[in-house]
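For reference, the chains in residue letters:
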Amino acid sequence: SAVISQKPSRDICQRGTSLTIQCQVDSQVTMMFWYRQQPGQSLTLIATANQGSEATYESGFVIDKFPISRPNLTFSTLTVSNMSPEDSSIYLCSVEVRSDGYTFGSGTRLTVV
Amino acid sequence: TQLLEQSPQFLSIQEGENLTVYCNSSSVFSSLQWYRQEPGEGPVLLVTVVTGGEVKKLKRLTFQFGDARKDSSLHITAAQTGDTGLYLCAESGNTGKLIFGQGTTLQVKP
């Protein structure tokens, strides 16, 4: 199955600043997915990142707040912009490997103070 | 948008007890996946069910897919403390996007 390296694993940030989260996959994948998860709760899809095109955002999420880059088939970044305490959450990236289902990174635990 | 309703949301049991978690949808699943997530980690795939009426077993875990493919269940026999975690059902559909149920937090006490 695919292995995802996600970093940072956690960060504490000041409100009004931005944080960029990176995901590196050990194989080439067409789509990468970004999720948000409140501790102890389920995952909510933020956007789908395709290489060579703009990311597709889910309802309630916009590009200005969560810009995404997908420069190649093994890497993606999610930026949380102009952060507020409401952005405190766990952010995860994911890829689908047809033979093995979906694989997730370990997540980035973000605290905004 | 497909809505996945998962129940119960929280479950606290003693080691050795049995439990069942349910996942229901307002429409037909193309396929359904069950994941388990531990703190500080991403969800890990347990099983994928595709065919109505399908039953899959993974050691003490039994997964069922309803005949009409609108519901699924996860049954754990003789729960162990190592089963503690967040259990999630999810459906991918034709778009490739994985949509999750609300999750069931399971605590198994020694």
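A brief report on the enclosed structure follows. These figures come from a predicted structure and were not determined experimentally.

**Observations concerning the pattern of salt bridges**
Between side chains of opposite charge, a pair can form when the charged atoms approach closely.
Thinking step 1. Taken as a whole and judged by the stated rule, the model has five salt bridges over all chains.
Thinking step 2. A salt bridge links Lys97(B) to Glu58(A); the shortest N-O distance between them is 3.0 Å. Placement of the pair is Lys97(B) in the loop between β9 (85–91) and β10 (99–100) and Glu58(A) in the loop between β6 (56–57) and β7 (68–72), with the two residues belonging to separate chains.
Thinking step 3. Residue classification places Lys97(B) among the partly exposed positions, given a relative accessible area of 23%.
Thinking step 4. In this structure, Asp87(A) engages Lys65(A) in a salt bridge whose closest nitrogen and oxygen atoms are separated by 2.6 Å. One end of the pair, Asp87(A), is in the loop between β8 (75–80) and β9 (89–97); the other, Lys65(A), is in the loop between β6 and β7, with 22 residues separating them in the sequence. Assigned by exposure class, Asp87(A) and Lys65(A) land together as buried.

**Details of unusual backbone geometry**
Thinking step 1. Cis geometry is adopted by the peptide bond preceding Pro8(A), which originates at Lys7(A) and carries an omega value of 0°.
Thinking step 2. The residue Pro8(A) is located in the loop between β1 (4–7) and β2 (10–13) in this model.
Thinking step 3. Cis peptide bonds are those with omega within 30 degrees of zero, and the linkage from Ser7(B) to Pro8(B) qualifies with -10°.
Thinking step 4. Residue placement: Pro8(B) occurs in the loop between β1 (4–7) and β2 (10–14).
Thinking step 5. Even without being a glycine, Ala78(B) presents a positive backbone phi close to 50°.
Thinking step 6. Within the secondary structure, Ala78(B) is located in the loop between β8 (71–76) and β9.

Rules behind the numbers
- Residues numbered from 1 in each chain as written.
- Chains lettered and ligands numbered in written order.
- Predicted model: local features only at pLDDT ≥ 70, side-chain atom pairs only at ≥ 80, totals over all residues.
- Heavy atoms only, no water.
- Salt bridge = Lys/Arg side-chain N within 4 Å of Asp/Glu carboxyl O.
- Helix = DSSP H or I, 4+ residues; strand = E, 2+ residues; numbered from the N terminus.
- Buried < 20%, exposed > 50% of the residue type's maximum accessible area, 1.4 Å probe, protein only.

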